[in-house]
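Here's the letter readout for the chains.
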Amino acid sequence: MNLTLKIWRQKNAQDAGKIVDYSLTGVSPDMSFLEMLDVLNQQLIDKGEEPIAFDHDCREGICGTCSLYINGRAHGPDTKITACQLHMRSFKDGDTIYIEPWRAKAFPVIKDLIVDRTSFDRIQQAGGFISVNTSGNTQDANAIPIKKENADKAFDAATCIGCGACVASCKNSSAMLFVSAKVSQFALLPQGQVEATDRVLNMVKQMDEEGFGNCTNTGACEVECPKGISLENIARMNREYLKASLKA
Amino acid sequence: MSVFDAKTPDGPLAEKWTNHKNKINLVNPANKRLIDVIIVGTGLAGGSAAATLAELGYNVKAFCFQDSPRRAHSIAAQGGINAAKNYQGDGDSTYRLFYDTVKGGDYRSREENVYRLAEVSTNIIDQCVAQGVPFAREYGGLLDNRSFGGVLVSRTFYAKGQTGQQLLLGAYAAMNRQIARGKIKMYTRHEMLDVVIVDGKARGIIARNLVTGEIERHSAHAVVLGTGGYGNAFYLSTYAMGSNVTAAWKAHKRGAYFANPCYTQIHPTCIPVSGDHQSKLTLMSESLRNDGRIWVPKHKEDVQAIREGRLKPTQIPEENRDYYLERRYPAFGNLVPRDVASRAAKERCDAGYGVNQTGEAVYLDFAAAIERYGKEQAHVKGLDENNKELVQQLGKEVVSNKYGNLFQMYEKIVDQNPYETPMMIYPAVHYTMGGLWCDYNLMTTVPGLYAIGEANFSDHGANRLGASALMQGLADGYFVLPYTIGDYLADDIRTGPISTESPEFEAAEKNVRDQIDRLINSNGNKSVDHFHKRLGKIMWNKCGMSRNAEDLASAITEIRELREEFWKDVKVPGTATEYNEELAKAGRVADFLELGELFAKDALERNESCGGHFREEYQTPEGEALRDKKYQYVSAWEYVGDPSKAKHHKEQLEYHNIEVKERSYK
């Protein structure tokens, strides 16, 4: 396949940045999207130009590092996958592909397609944990039976990979899906009840401080989430938040 | 001066760890506040160690090269974590887990360490459940288990095909709690480029900020490396792109012995290579072998027809299929350990029975499982067991519940539906059992420098069993290191903060800057990947699933030549004072090019076959690995200026609590 690529280049956080055109020939449909970028980068290096910086690591859709906005969609045209799992067979010969970084105030660009997502870490630090000491001196794991249905739902919420596609897809740059996934995981488990009130209040407070927008229920986040995290989690977080606000 | 003593405690095996904990020095809570610990790597081992040490009161500085500690490659572990809970009542015990692990490692691991691992395994499950890790459960609300290769019990706890993710997020959450308390200072997008030794003790590191390019000095009273394995020396592997040996290798060059570098795990069930553009390989969890049956066609003409697209695998009748694992190993069948399954796949493919274009793939077939589960469900629901369509549908639902995400992952990569046609799989580099030598306290030969998780060598011998990597990472980080490190740090309560202005820090920083300057100014013609790929080819062809003396000797020469060429002709674009991935990669590949030589040297020295190390010259008439009692030792290599000159030390392995037998899965 032959492709025209329009890629966001930005030297550093201070630079204004712009779209630069590249043409690439001989792309195999069996390549992953990132392997296609590897080929382009190899050519740039050979020509003495600087390769395009993009975040990636596991290349199997689980680490949450890759973060490309492809043709106006987080992680590109396919659903329930990350950019590293996207394959070129999703494109046609002669296609023009736009590749941009996540766009959100709380995710400043570091270079080219790489953004700073440490705001996500800070939200987790505000309450995304259960305060048990890691001594191993806790009760036997089977002492707390948990309804399979609740355990499964908690697991589904816990599969969030923290990539930020939800924020990138949202017209308000809201992080509600991300935050609600963690709040839900613990809200569904007996272990999470003890600190439930503080958890939801603190995490939401931090989310607001980081400059993420509000949720207006458009649902774009759910559509683009590579792990299929459900909007139900946002509803659950809203209930948890209301409950906590009344208690506090 | 380095010390080479395993420091295993006296007394009966089952009491060693308890006795040891009772005797070692402790640091009182007030004094812990005066002590700093650096932890490099935030995977299961590093993350859990950071959380626990901070919770105990130490000041922890944690480093990772990723943009968040949650992205460490432990996250990609799929199938599960072992623990001797015996919840299934199928005869499991601490001893049996210990026995299986030592046998699975082909009697090349340290008995005392393995027993301790089995002993603390049950605590891990309790701990993780308390942290809110959502393990799979049965309808009664209790935890579910499944089986992994090389064992006859169900002791593996899991969270669908994302167990590593859930466990890592548990450790990450525990870290976040301590970061919020100010007890962990987290340095993301930082890469450790040297360890600093002051008066014979590890007292800090030199790190590069990957965003700004700044070189930073960080001091501490002890340094812990939880930096994972070195499988990316093979270029193609199931490791993350950034996984590297640099931290461990720099430690080696500063005096830490490197143990058993040639012990590499080649995992039998990975998606085969599709072309030259390939950047990494994807694992299909071993848990699939609970239900999937591995086969190739019995007849070459069928193989040919399949390769030419004239025949589909589903059209080959049962009698014309060779379920070679079930044929060769009736007792364990498809659940033989990884090294055995990988070699068996290679044997069939080398004999010409590979089922894809490259001839390097075998089938992993779920048709029988779908039918079995379908019939069971129909029976449970009181429906017609003879309705084929219904049985298929019900069976697929069960399989989807168990392995849905893996099937989806396969389909996205290969563009074939594994519910309808068998998966194609082939072995790929997955894990390294070798690593930094450490004693019972997990301390390397450099005082104050510790190695935990995959970065050390101690627990898996020559072959790791499935679902044991997660177990070891968390055991080391949560339950072993936090005790043993106190024994060493007890002497440091009056030391006070370590200065970063000493000549040792000065020299280490200069060393780092010199290497970066050399790379950035090399003005060569070939990219870093060019050299990495060539190294990978040498490693795979000559140090891979089967090895021989001639190939290994030539690998040593070729790697040395490639290393020389690299330093003359590598091209690193950009500058050293900005985000520059090529520069980071160049440093890592430079270290792989040194490690690769030691790897081949180690494999050449070991004139036997054991576990993942298979030497063609040493095999039984049936083609099984032929161990040699003479080599019942750990090879620990001391760096003396060049990998070729590495000095060989031996730690003899003794087994007092397990009979060393021929490892049979027949």
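Since this is a predicted model, take the numbers as computed values, not measurements.

Visitor: Before we move on, could you go through helix α8 (residues 232–247) of chain A and cite the residues and values that matter?
Guide: Residue and element names in this part refer to chain A. Between its first and last C-alpha, α8 extends 23 Å over 16 residues, near the 22 Å set by a 1.5 Å rise per residue. Restricting attention to buried positions, one finds in α8 the residues N233, I234, R236, M237, E240 and A244. With its buried residues spanning 155° around the axis, α8 presents them on a single face. Turned more than 90 degrees from where α8 packs its buried face, R239, L242 and L246 sit exposed. Looking at the buried residues of α8, the elements they touch are α3 (148–158), α5 (176–187), α6 (196–209) and α7 (220–224).

Visitor: Hey, could you go over the side chain of N334(B) for me, with residue numbers and the actual values?
Guide: Residues and elements named next belong to chain B. With respect to the element layout, N334 can be found in the loop between α9 (324–328) and α10 (338–353). In this structure the side chain of N334 is engaged in a polar contact, spanning 3.1 Å, whose partner is the backbone nitrogen of I294. With residues up to four places along the chain from it excluded, the contact list for N334 reads R289, G292, R293, I294, L325 and E326.

Visitor: How would you sum up the domain arrangement of chain B? Please name residues and give values.
Guide: Residue and element names in this part refer to chain B. Taken as a whole, chain B is organised into domain 1 (267–429) and domain 2 (519–627). Put simply, the middle of domain 1 and the middle of domain 2, counted by C-alpha atoms, are 32 Å apart. Tallying the contact residues gives 11 residues for domain 1 and 11 residues for domain 2. Carbon and sulfur atoms supply 56% of the area buried between domain 1 and domain 2, which totals about 800 Å² over both sides. Counting across the interface, domain 1 meets domain 2 through one salt bridge. R328 serves as the salt-bridge partner of E624, at 3.2 Å between the closest nitrogen and oxygen. In this assembly, domain 1 and domain 2 are joined by three residue pairs in polar contact (both at pLDDT 80 or more). Looking at the side of domain 1 that touches domain 2, the elements that each hand over two or more residues are α10 and β15 (423–432). Grouping the amino acids of the side of domain 1 that touches domain 2 by side-chain chemistry returns five nonpolar, one polar and five charged.

Visitor: Lay out the interface of chain B and chain A with the relevant residues and their values.
Guide: Each partner contributes to the interface: chain B provides 76 residues, whereas chain A provides 73 residues. The junction of chain B with chain A conceals about 6,200 Å² of combined surface from both sides, 50% of it contributed by carbon and sulfur atoms. Applying the counting rule to chain B against chain A returns eight salt bridges. One salt bridge in this structure joins K11(A) and E578(B), with 3.1 Å as the shortest N-O distance.

Visitor: Outline the packing of α5(A) against α6(A), supporting the account with residue identities and numerical values.
Guide: Residues and elements named next belong to chain A. Running from N to C, α5 and α6 cross one another at 165°; their axes reach a closest spacing of 11 Å. Considering their axes alone, α5 and α6 lie roughly antiparallel with respect to each other. The crossing of α5 and α6 is right-handed. Along the contact surface, α5 presents M176, V179, K182, V183 and F186, while α6 presents R199, V200, M203 and M207. Partitioned by chemical class, the residues of the contact of α5 with α6 number seven nonpolar, no polar and two charged.

Visitor: Describe the domain arrangement of chain A, with residues and values.
Guide: All names here are of chain A. As far as domains go, chain A holds domain 1 (3–111) and domain 2 (118–247). The straight-line distance from the C-alpha centre of domain 1 to that of domain 2 is 29 Å. Taken together, the contact between domain 1 and domain 2 spans 19 residues of the former and 19 residues of the latter. Between domain 1 and domain 2, a total of about 1,400 Å² is buried, with carbon and sulfur atoms accounting for 57% of that surface. Looking only at domain 1, the three residues that lose the most surface to domain 2 are K80, A106 and F107, adding up to 32% of its buried area. Counting across the interface, domain 1 meets domain 2 through one salt bridge. A salt bridge links E224 to R73; its shortest N-O distance comes to 2.7 Å. For the pair domain 1 and domain 2, the number of links is four residue pairs in polar contact (both at pLDDT 80 or more). Split into classes, the residues belonging to the side of domain 1 that touches domain 2 amount to 10 nonpolar, five polar and four charged.

Visitor: So what's going on with the pattern of salt bridges? Which residues, and what values?
Guide: Tallied over the entire structure, the rule returns 75 salt bridges over all chains. D95(A) serves as the salt-bridge partner of K92(A), at 3.9 Å between the closest nitrogen and oxygen. Take K92(A): its relative accessible area is 57%, and that puts it in the exposed class. Note on D95(A): relative accessible area 18%, which makes it buried. It is possible to trace a salt-bridge network through shared partners that takes in D55(A), R117(A), D67(B), R71(B) and R189(B).

Visitor: Quick rundown of the sheet that holds strand β18 (residues 633–638) of chain B? Include the residues and the values.
Guide: All names here are of chain B. Pairing within the open sheet is antiparallel, and its four strands lie in the order β16-β10-β18-β19. Two strands bound the open sheet, and with one partner strand each, they are β16 (435–436) and β19 (647–652). Where strand β10 (residues 258–259) meets β18, two bridges bridge the pair, whose relative direction is antiparallel. Residue pairing across strands places F258 opposite W637, the latter belonging to β18.

Visitor: So, the sheet that holds strand β13 (residues 321–322) of chain B: which residues are in play, and what are the values?
Guide: Residues and elements named next belong to chain B. Strands sit in the order β11-β15-β14-β12-β13 across an open sheet of five strands; the sheet is antiparallel. Edge positions in the sheet fall to β11 (264–270) and β13, since each has one partner strand and no second. Two strands pair when backbone bridges link them, and β11 and β15 are joined in this way by five bridges, in the antiparallel orientation. Within the sheet, the bridge partner assigned to T264 lies in β15 and is T432.

Visitor: Could you give an account of the environment of P482(B), naming the residues involved and the relevant values?
Guide: Residues and elements named next belong to chain B. For P482, the position within the fold is in helix α13 (residues 469–489). The spatial distance from the C-alpha of P482 to the C-alpha of V195 is 21 Å, given a sequence separation of 287 residues. Those residues in contact with P482 that lie beyond four places of it in its chain are T52, L53, L56, D476 and G477.

Visitor: Talk me through the pairing of strand β2 (residues 59–63) of chain B; I want residue IDs and the actual numbers.
Guide: Residue and element names in this part refer to chain B. Sheet topology note: the strand β1 (residues 36–40)/β2 ladder contains five bridges and is parallel. When the bridges of β2 are listed, I38 appears paired with K61. With four bridges connecting them, β2 and strand β5 (residues 184–187) associate as parallel partners. From the neighbouring strand, A62 faces β5, where its bridge partner is M186.

Visitor: Report on the packing of helix α15 (residues 528–542) of chain B against helix α16 (residues 549–569) of chain B, specifying residues and quantitative values.
Guide: Residues and elements named next belong to chain B. It is at 10 Å that the axes of α15 and α16 come closest, and there the two elements cross at 175°. As the angle between them shows, α15 and α16 are arranged roughly antiparallel. In this structure, α15 contributes F531, R534, L535, I538, M539, N541 and K542 to the contact, and α16 contributes D551, L552, S554, A555, E558, I559, L562, E565, F566 and D569. Residue classes in the contact of α15 with α16 are distributed as nine nonpolar, two polar and six charged.

Visitor: Report on unusual backbone geometry, specifying residues and quantitative values.
Guide: Residue and element names in this part refer to chain B. Even without a glycine there, the phi angle at N260 is positive, about 45°. Looking at the element boundaries, N260 is found in the loop between β10 and β11. Residue N260 is classed as buried on the basis of its relative accessible area of 2%. One non-glycine residue, D415, adopts positive backbone phi at about 70°. Residue placement: D415 occurs in the loop between α12 (388–414) and β15.

Reading the values: the criteria
Sequence order as written defines residue numbering, which begins from 1 separately in each chain. The lettering of chains begins at A and the numbering of ligands begins at 1, in the order of writing. A pLDDT threshold of at least 70 governs which residues receive local features in this predicted model, and a stricter bar of 80 or more applies before side-chain atom pairs are shown or counted, although totals over entire chains, interfaces and linings include all residues. Excluded from the side-chain calculation are hydrogens and water; included are all heavy atoms of the structure. Numbering of helices and strands runs from the N terminus, with a helix taken as a DSSP run of H or I at least four residues long and a strand as a DSSP run of E at least two residues long. For a helix, the expected span equals 1.5 Å multiplied by the residue count minus one. Think of it in three bands: residues with accessible area under 20% of the maximum for their type are buried, residues over 50% are exposed, and the middle band is partly exposed, with areas taken using a 1.4 Å probe on protein chains only. Comment: arc refers to directions from the helix axis out to C-beta atoms. Two residues qualify as a contact provided that any one of their heavy atoms is within 4.5 Å of a heavy atom in the partner residue. Under this definition, polar contacts are N or O atom pairs within 3.5 Å; protein pairs additionally need one hydrogen-donor-capable and one acceptor-capable atom, and for neighbouring residues in sequence, both atoms have to be side-chain atoms. Boundary definitions for the domains trace back to an automatic or database domain assignment. Accessible area, probed at 1.4 Å, shrinks when two parts are joined; the buried area is that loss added up over both. The salt bridge definition used is simple: a Lys or Arg side-chain nitrogen within 4 Å of an Asp or Glu carboxyl oxygen. Three categories are distinguished: nonpolar for Ala, Val, Leu, Ile, Met, Phe, Trp, Tyr, Cys and Pro, charged for Asp, Glu, Lys and Arg, and polar for the others, with Gly belonging to the last. Axis geometry follows a simple rule: fit a line to the C-alpha atoms, using only the stretch in contact for helices, then measure angles between N-to-C directions, giving values from 0 to 180 degrees. With respect to orientation, any angle under 35 degrees is reported as roughly parallel, any angle over 145 as roughly antiparallel, any angle of 65 to 115 as roughly perpendicular, and every other angle as oblique. Handedness of a crossing is defined here by the sense of rotation of the near helix relative to the far one, left-handed for an anticlockwise turn of less than a right angle and right-handed for a clockwise turn. Strand pairing requires that DSSP identify at least two bridges connecting the strands.

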